Each structure stands twice: as C-alpha cells, then as structure tokens.
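Residue-level listing of the chains:
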Amino acid sequence: QKEVEQNSGPLSVPEGAIASLNCTYSDRGSQSFFWYRQYSGKSPELIMFIYSNGDKEDGRFTAQLNKASQYVSLLIRDSQPSDSATYLCAVNVNRDDKIIFGKGTRLHILP
Amino acid sequence: ETGVTQSPTHLIKTRGQQVTLRCSSQSGHNTVSWYQQALGQGPQFIFQYYREEENGRGNFPPRFSGLQFPNYSSELNVNALELDDSALYLCASSLGASGGSDEQFFGPGTRLTVL
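**Things to note about the state of the cysteines**
A covalent bond between the sulfur atoms of two cysteines is what we call a disulfide.
All names here are of chain A.
Moving on, step 1. On inspection of all chains with the given rule, the structure shows two disulfides over all chains.
Moving on, step 2. In this model C23 forms its disulfide with C89; the gap between the sulfur atoms is 2.1 Å. In this structure, the disulfide formed by C23 and C89 twists by about -70° around the S-S bond and is classed as left-handed. Here the residue C23 occupies a position in strand β3 (residues 19-25), and C89 occupies one in strand β9 (residues 85-92), the gap between them amounting to 66 residues.

Below is the structure:
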C-alpha cells in the first residue's frame, strides 16, 4: 500500500517566521513530488514540484527532497497570514500521473 | 486560474440516485484525473483518462465510472449513491508524463451532498 504521511497539525507560526512542513512517503520508487495549497472550501493549488534530490526555490517557497530518507519538505519564508491554509503533499510513484496525496497539514500564521 | 472548469458547483442528491459531474480540461491536456476529497482528508484518486481511454483506477467500486471526450471535456458518473459519497469531487488535467509533464491542475470542484 503506497502511503504519504503528513502531520495534520495545526502548525502555528508567527508572521514573518519560517514555516516548515514535512512529508514522508512509503514507496522508494517514487519519482515526482508536489506541494499543493488548499484554502478552506477551495480546490488544491499547485505551488511547488520537485523531481531531484536537493533544494528547489521559488520565491518564498523552498522544496527539499531526500530520496534516501523518503522525505520531502516545504519551507515558507517570511510567513504571511495569507499563507494560512492546508498544505497537501503529493507523490507520483511511477510518473504515470496516479498521484497519491497525504491528508494535509493545517498551517496557521499568527499575526 | 488553472483553466480547468467543473459543473455544477454544488449538488444535492438522495441515496440511490445517480449523478453526473462534468469537467473541462485545459486545451491540449490529454490526461484528466478525478479525485474524491472527504472533509478533513486528502484527495483520493478515483480514475484517470488519457485520450479517451481509462488509464488507471483507484480503490473505488464500479458504480463510479467516467468518460473523456475529444474536446477535452470529461464526466464522472456515480450510480446508486450512498451517504458516504458526500464529498468534494475534483478533476485535474495535465499533459501527462508522456507529454513531458505530470503536474496536475485542479478545477474548482463539485460539492456533492447525498441525503
């Protein structure tokens, strides 16, 4: 059974600080990794994807992938109240588009 | 805006009825995937279509079925509705790994309530 695990939270972070979101996955053969942001009552929005070990930065967001540890994380720098949302980690095991999602981590940025 | 649209936005049905949900993918996206998201859970993969053929299925019973059309539209049909089918139904379109990108872009979803 392929699984993606996330801490459900809520994770509370002061405004301006770094928010760190973590995700582990069970299938060592996983190829593609995604972070989606989902506001309450809305659909998921793709914010980052990463395929290779290491870091990938896009604005205030950094995705980190460690395939040996089967671990992917998302860092949000200079957290803003508008970053308050549920963050979904998703994994595409064989790059065959059948993506497995974690349950999501609720992030709350404290003004 | 992802360019992916879904209809209707909300729907209320009673147990035992049938429902059809619709999705319009981004132009050029040959792959569409459907997901069910229950409250407080991540999206669960239902099935995927690539160029009008089913290309994989999750752990959902046969009463969940789908179609994809040449004009980048698709349908999710659910027969014999059960109370547990109440959820947000999401479609996501992508170029597909064969198109060089497996990034999926979601529509706004259809909220289905079964009474």
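**Quick notes on the sheet that holds strand β7 (residues 64-68) of chain B**
All names here are of chain B.
Moving on, step 1. The strand order across the open sheet formed by four strands is β1-β3-β8-β7, and the pairing between neighbours is antiparallel. Looking at which strands have only one partner, the edges of the open sheet turn out to be β1 (5-7) and β7. Ignoring strand direction, the axes of neighbouring strands in this sheet form an average angle of 20°.

**Considering the nonpolar core**
Moving on, step 1. Grouped together as the largest cluster of nonpolar side chains are 24 residues, with contacts concentrated most on F33(A), W35(A), V72(A), L74(A), I76(A), Y87(A) and L107(A).
Moving on, step 2. Going through the elements one at a time, β3, β4 (32-38), β5 (45-50), β7 (61-66), β8 (71-76), β9 and β11 (105-110) of chain A are the ones with two or more residues in this core.
Moving on, step 3. Leave out the neighbours within four places in its chain, and V72(A) touches L21(A), N22(A), C23(A), F33(A), W35(A), I50(A), Q64(A), L65(A) and C89(A).
Moving on, step 4. Among the nonpolar cores identified, the runner-up in size contains 20 residues, and V19(B), W34(B), L81(B) and C91(B) belong to it.

**A word on the interface of chain A and chain B**
Moving on, step 1. Taken residue by residue, the interface counts 20 residues in chain A and 26 residues in chain B.
Moving on, step 2. When chain A packs against chain B, the two sides together hide about 1,700 Å² of surface, and 49% of this comes from carbon and sulfur.
Moving on, step 3. The interface formed by chain A and chain B holds zero salt bridges in total.
Moving on, step 4. Counting only elements with at least two residues in the side of chain A that touches chain B, the list comes to β4, β5, β9 and β10 (99-101) of chain A.
Moving on, step 5. Sort the elements by how many residues they give to the side of chain A that touches chain B and β4(A) lands first, with four residues.

Reading guide: rules and limits
Residues numbered from 1 in each chain as written. Chains lettered and ligands numbered in written order. Predicted model: local features only at pLDDT ≥ 70, side-chain atom pairs only at ≥ 80, totals over all residues. Heavy atoms only, no water. Disulfide = S-S within 2.5 Å. Helix = DSSP H or I, 4+ residues; strand = E, 2+ residues; numbered from the N terminus. Pairing = 2+ DSSP bridges. Axes fitted to C-alpha atoms, helices over the stretch in contact; angles between N-to-C directions. Core = buried A, V, L, I, M, F, W, Y, C linked by side-chain atoms within 4.5 Å. Buried < 20%, exposed > 50% of the residue type's maximum accessible area, 1.4 Å probe, protein only. Contact = heavy atoms within 4.5 Å. Buried area = accessible area lost by both parts, 1.4 Å probe. Salt bridge = Lys/Arg side-chain N within 4 Å of Asp/Glu carboxyl O.

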